[in-house]
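# Examination of the molecular architecture
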Amino acid sequence: MSSSLDHSHLVSLVLQSKQALQNGEQLCSRAHVVSNASANISVNVVALDAKVRWVTEAVGEQLKLVASVAKTIEEKRAVMGKRVQEWDKQRAKQSDALDEVLESLGSQYVPPDFYRTTSADSSIFGSQHSDDGHGQLQGGQKPHGSTLSTVSQSPSSTLKGGLRNGKQVAKEDRRPEREADKKMWKTLRDFVDDQAIEDVLDLIENDRLGLDYIMSKTDEYPETLVHTIEIIRESLPALPDQPPIKYTEELLAEQDTRITTMASHLESLASHYEQISNALQEKEAGEEFNDEDIDAMNRDTNELPSIMVEIDECADAIEECHDKLVAAKETYQTHLSLLVHTLEDLDELGEIMPEMLQIQEDIEAKCEEELNGLQNHLLTIEHLRDRFISYQTAFNKLILELARRRQYREAVENIVRGMMSQLVAMTEEETQVRSHFNSEYGAHLPEDICLCVGNTPTRWEVVPMSGDVSTEFLPIIDDELITRAKDQIYAELEKATGLGPESL
């Protein structure tokens, strides 16, 4: 190899070494800048993580409060719902009891003599089967609040009218006709104003529907709050279990390792450049290098690309660690930005919840008022049932009373007939005795002595007192009705006293 070639080749080696050193310095300088930036970013990441965790925990505590409010509203609604259900059960019980009494009234026949000569207007109970086709309450009043003002204080007043009018017909003469027409008889139910009862039940049902409407105003409150809680929880960032300190330390440690490697390679590049530069100066000074030295310089120069590759890899690794820290910082910044909106939603929810609670309290107060009114309606139904039971009992007592009066009348008539027969017999006997006396002794007495001796005995007649009807009118009552009336009265007494029929 000539000296000029050796010199040019050595210059080429120097240039390659210098270029490699410059590139290495640039990469190391960039790596140093990136490493410093990464250190600052890691601090920011840790700080942002702490802030995000603090805000997330605060949001979680607020959501617990919201859940508590939702549970409170739900519990209050459940308590009110149970009270309403209990009222529904009581209403069903009272209504069934009332229907049972009304059905019993509908199965109890009233003989035609009780109402045939009585107009529908004489019954304050009303009659939906009267001649005008419908029943009316007293004064045409509609039920409002309570039915008691619309129902007569004397349920049996309708039945009494039949006792003051009409003509007595012999029981045996009417029986075939009565048996044939019994299906056409009215029942006790016919003297009850069903329309008035329906009006009362409609009023109760409307008030009950009104209670449902009031309660429905807060139906969606618990579900809305729970749904809002789920939405906010789903929007919260998914944070790692452990803070990112360890993660950032690992990335910074990776960068330090890479920087140390780059610094070592940079020292090698600097040392190689210095050696090549000194060799060039020595060559220019006339010093000659043997083949072994030239091979060593060529070998070292040939290794420069691989060293630069390793430096590039280290620089890329440092950049990658930096990018990871930047991505982590951006993620936490995004979390924090979303949490700001979440906090705004919570603030808005915090303003709404007191209003919800206040509305719930107002609803409870209104429901309490409505329930009190509904309880009064239950008393109305119970009072109606008691009134109709009293009505039925009075009718049964009336049946027995009329049967007793018929026995009384028959007993009196028997006494009067017996007395009349006895008076007739006594008068006839007295007439015969007087006639015998006058025929035996009258001719021997002067005519002006005791003129009354010739009088006949006074004849007697037993008649009603002045002003009374000749015969008291009593409706014809079948034995079947009397037996049923007795059975029902005994059943009521047995139910009230607990005594058996024999004891009663």
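Owing to the predicted nature of the structure, the values given are computational and were not obtained by experimental measurement.

## Thoughts on the overall build of the protein chain
- Assigned secondary structure in the protein chain consists of nine helices and two strands.
- The secondary structure elements of the protein chain, listed N-terminal to C-terminal, are α-β-α-α-β-α-α-α-α-α-α.
- Taken across its 504 residues, the protein chain has 35% of its residues classed as buried.
- Here the analysis covers contacts within the protein chain between residues at least 6 apart in sequence; of these, 93% occur between residues at least 24 apart.
- Carbon and sulfur atoms form 52% of the exposed surface of the protein chain, whose accessible area is close to 30700 Å².

## Here we look at the packing of helix H8 (residues 304–441) against helix H9 (residues 479–497)
- Where H8 contacts H9, the axes come no closer than 9 Å and their chain directions differ by 130°. When the interaxial angle is binned, H8 and H9 end up oblique. Pair H8 / H9 crosses with left-handed handedness. Residue-level inspection shows Arg-385, Gln-392, Thr-393, Asn-396, Lys-397, Ile-399, Leu-400 and Ala-403 of H8 in contact with H9, the latter providing Leu-481, Ile-482, Ala-485, Lys-486, Gln-488, Ile-489, Glu-492 and Lys-495.
- For the contact of H8 with H9, the per-class residue count stands at seven nonpolar, four polar and five charged.

## Some points on the layout of surface pockets
- Approximately 320 Å³ is the volume found for the second largest pocket.
- Every residue along the wall of the second largest pocket is listed here: Ala-97, Glu-100, Val-101, Ser-104, Arg-385, Ile-389, Gln-392, Gln-488, Ala-491, Glu-492 and Lys-495.
- The set of elements that each furnish at least two residues to the lining of the second largest pocket consists of helix H1 (3–106), H8 and H9.
- Among the residues forming the lining of the second largest pocket, the class breakdown is four nonpolar, three polar and four charged.

## Topic: a negative patch on the surface
- On the surface, Glu-344, Asp-345, Asp-347, Glu-348 and Glu-351 cluster together to form a negatively charged patch.
- If you trace the backbone, Asp-345 turns up in helix H8.
- Residue classification places Asp-345 among the partly exposed positions, given a relative accessible area of 44%.

## With respect to the environment of Asp-300
- Mapped onto the secondary structure, Asp-300 falls in helix H7 (residues 291–302).
- Residue Asp-300 is classed as partly exposed on the basis of its relative accessible area of 28%.
- As a C-alpha pair, Asp-300 and Leu-269 span 31 residues in sequence and 9.6 Å in three-dimensional space.
- With residues near it in sequence (within four places) discarded, Asp-300 still touches His-272 and Gln-275.

## Some words on the environment of Ala-403
- Within the secondary structure, Ala-403 sits in helix H8.
- Residues Ala-403 and Pro-475, 72 residues apart in the sequence, show an inter-C-alpha distance of 9.4 Å.

## Quick word on the confidence of the model for the protein chain
- In this model, the protein chain carries an average pLDDT of 80, and 82% of its residues clear a pLDDT of 70 or more.
- The spread of mean pLDDT over the elements of the protein chain runs between helix H2 (residues 157–160), the lowest at 34, and helix H4 (residues 194–216), the highest at 93.
- Long-range and interchain partners of residues 1–5, a stretch whose pLDDT sits below 50, account for two contacts in this model, where long-range means more than four residues apart.
- Taken together, the stretch residues 118–173 has pLDDT below 50 and engages in 105 contacts with residues farther than four places along the chain or on a different chain.

## Focus on a nonpolar patch on the surface
- Together, Ile-415, Met-419 and Val-462 give the surface a local cluster of nonpolar side chains, amounting to about 250 Å² of exposed area.
- Here Val-462 is to be found in the loop between H8 and H9.

## Concerning empty space enclosed by the protein
- Under the defined criterion, the tally for this structure stands at three cavities of 30 Å³ or more.
- Considered as a void within the structure, the second largest cavity measures approximately 40 Å³ in volume.
- Along its surface, the second largest cavity is lined by Arg-77, Met-80, Met-215, Thr-218, Gln-360, Ile-363, Glu-364 and Cys-367.
- Those elements that place two or more of their residues in the lining of the second largest cavity are H1 and H8.
- It is H8 that provides the largest number of residues to the lining of the second largest cavity, a total of four residues.
- In the lining of the second largest cavity, the residues fall into four nonpolar, two polar and two charged.

## Focus: helix H5 (residues 221–235)
- In a regular helix each residue adds 1.5 Å, so 15 residues correspond to 21 Å; H5 covers 21 Å between its end C-alpha atoms and thus fits that length.
- Inspection of H5 places Tyr-221, Pro-222, Leu-225, Ile-229 and Ile-232 among the buried residues, and these make up the whole buried set. The buried residues of H5 occupy one face: seen down the axis, they fall within an arc of 100°. With respect to the buried face of H5, the exposed residues turned more than 90 degrees away are Glu-223 and Glu-234.

## Side note on the pattern of salt bridges
- Applying the stated criterion across every chain, the model contains 17 salt bridges.
- Residue Arg-30 pairs with Glu-319 through a salt bridge whose shortest N-O separation is 3.0 Å. Of this pair, Arg-30 sits in helix H1 while Glu-319 is found in helix H8, placing the two residues 289 residues apart along the sequence.
- On the basis of relative accessible area, Glu-319 is assigned to the partly exposed category, the value being 22%.
- Members of the salt-bridge network, linked through shared partners, are Asp-88, Arg-208 and Asp-212.

## What about the nonpolar core?
- Judged by nonpolar contacts, the single largest core of 39 residues is most densely connected at Leu-105, Phe-114 and Phe-388.
- Those elements giving two or more residues to this core turn out to be H1, H4, H8 and H9.
- It is H8 that provides the largest number of residues to this core, a total of 14 residues.
- Those residues in contact with Leu-105, other than ones at most four positions away along the chain, are Thr-187, Leu-188, Arg-189, Val-192, Phe-388, Tyr-391 and Gln-392.
- Ile-73, Ile-229, Leu-339 and Leu-349 belong to the second largest nonpolar core, which has 27 residues in total.

Reading the values: rules and limits
- Once a new chain begins, its residue numbering starts again from 1 and follows that chain's sequence as written.
- Two thresholds apply to this predicted model, a pLDDT of at least 70 for residue-level local features and 80 or more for giving and counting side-chain atom pairs, whereas whole-chain, interface and lining totals are computed over all residues.
- Just so you know, side-chain values use all the structure's heavy atoms and leave hydrogens and water out.
- Only DSSP runs of H or I covering at least 4 residues are called helices, and only runs of E covering at least 2 are called strands; the numbering of each starts at the N terminus.
- For the exposure calls, accessible area comes from a 1.4 Å probe over protein chains only, and a residue counts as buried if that area is under 20% of its type's maximum, exposed if over 50%, partly exposed in between.
- In what follows, a contact means two residues having at least one pair of non-hydrogen atoms within 4.5 Å.
- Every accessible area reported is derived by Shrake-Rupley at a probe size of 1.4 Å, with residue values counting cover from the shown protein chains alone.
- Note on geometry: axes are C-alpha line fits, over the in-contact stretch for helices, and angles between N-to-C directions span 0 to 180 degrees.
- Roughly parallel here means an angle under 35 degrees, roughly antiparallel means over 145, roughly perpendicular means 65 to 115, and every remaining angle is called oblique.
- Crossings are sorted by hand: turned counterclockwise from the far helix by less than a right angle, the near helix makes the crossing left-handed, and turned clockwise it makes it right-handed.
- Any residue outside Ala, Val, Leu, Ile, Met, Phe, Trp, Tyr, Cys, Pro, Asp, Glu, Lys and Arg is labelled polar, Gly included; the first ten of those are nonpolar and the last four are charged.
- The definitions used throughout rest on a 1 Å grid laid over the protein atoms alone, on which a cavity is an enclosed set of points accommodating a 1.4 Å probe that cannot get out and a pocket is an open set flanked by protein within 12 Å on both sides along at least five of seven lines; lining residues are those having an atom within 4 Å of a point.
- Grid points are joined across faces, edges and corners, and a volume is the space filled by probe spheres set on the points.
- Each patch is built from residues that are more than 30% exposed by relative accessible area and take part in no salt bridge. Like charges join if they lie within 9 Å; nonpolar side chains (Val, Leu, Ile, Met, Phe, Trp, Tyr) join within 5 Å.
- By definition, a salt bridge exists where a carboxyl oxygen of Asp or Glu is found within 4 Å of a side-chain nitrogen of Lys or Arg.
- Positive charge is attributed to Lys and Arg, negative charge to Asp and Glu, and no charge count is given to His or to the chain ends.
- Charge coordinates come from a single atom per side chain, which is NZ of Lys, CZ of Arg, CG of Asp or CD of Glu.
- Residue-level confidence of the predictor is what pLDDT reports, using numbers from 0 through 100.
- What a helix is expected to span follows from its residue count: subtract one and scale by 1.5 Å.
- Starting at the helix axis, one direction is taken to each C-beta atom, and the arc is that of these directions.
- Put simply, buried Ala, Val, Leu, Ile, Met, Phe, Trp, Tyr and Cys residues joined by side-chain atoms within 4.5 Å make one nonpolar core.

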